[in-house]
Amino acid sequence: YQRLQSNPLMYGMNGKGSDSLHSFIVDKCSQSIEQLMKIEAISMEKDGSITPTAASRIMSRNFVDYDTMKSIVKLHHDSGPLQILQMLSNCHKIQFPVRRHEKKPLNEA
């Protein structure tokens, strides 16, 4: 929020003032919710509450970005190792968390 206020053009926001800032944030949130609903990473309840699914839990625990999860969700349920390997090799942003005991050797390298 602070970064958006200090440099709105960097984030693609046009206009000034708290009303345009609020509408920009609401639009971004709405777009993100729609995208996550498309890949069934979240579900919207009748009362408007948002519930995470197994896909969103996998995304958050394993640092899987949206495009990678979209590829995973597109796989057929009977996909074999070759299809899974092809899908994974086409993913550009597979991220792995750095464990505490790995940080020092990586920083020294």
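Relevant structure appears above.
Quick caveat: nothing in here was measured; it's all calculated off a predicted structure.

1. Considering the overall build of the protein
Tallying secondary structure elements over the protein gives six helices and two strands in all. N-terminal to C-terminal, the α/β element order of the protein is α-α-β-β-α-α-α-α. Along the three orthogonal principal directions, the C-alpha set of the protein runs to about 50 × 50 × 25 Å. Burial statistics for the protein: of 109 residues in total, 17% are counted as buried. In the structure as shown, the protein presents an accessible area of about 9,100 Å², 55% of it carried by carbon and sulfur atoms. Looking at charge distribution, the protein has the averaged site of its 14 positive side-chain charges lying 7 Å from that of its 11 negative ones.

2. A look at helix α2 (residues 18–38)
In this model α2 runs 30 Å from its N-terminal to its C-terminal C-alpha over 21 residues, within 8% of the 30 Å that 1.5 Å per residue would give. Along α2, the residues classified as buried are Ser20, Leu21 and Phe24. Along α2, the residues classed as buried sweep out an arc of 105° about the axis, all on the same side. In α2, the exposed residues that point more than 90 degrees away from the buried face are Ser18, Asp19 and His22.

3. Here we look at the side chain of Asp65
Position of Asp65 relative to the elements: it lies in the loop between α3 (54–62) and α4 (66–74). Setting aside residues up to four positions removed in sequence, Asp65 forms contacts with Met59 and Lys93.

4. Some thoughts on the side chain of Ser20
Here Ser20 shows up in helix α2. Residue classification places Ser20 among the buried residues on the basis of a relative accessible area of 18%. In this structure, Ser20 is in contact with Met13, Asn14 and Gly15, ignoring residues within four places of it in sequence.

Parameters at a glance
Residues numbered from 1 in each chain as written. Predicted model: local features only at pLDDT ≥ 70, side-chain atom pairs only at ≥ 80, totals over all residues. Heavy atoms only, no water. Helix = DSSP H or I, 4+ residues; strand = E, 2+ residues; numbered from the N terminus. Buried < 20%, exposed > 50% of the residue type's maximum accessible area, 1.4 Å probe, protein only. Areas by Shrake-Rupley, 256 points an atom, 1.4 Å probe, with all protein chains shown as cover. Lys, Arg positive; Asp, Glu negative; His and termini not counted. Charge placed at Lys NZ, Arg CZ, Asp CG, Glu CD. Expected span 1.5 Å × (residues − 1). Arc of directions from axis to C-beta. Contact = heavy atoms within 4.5 Å.

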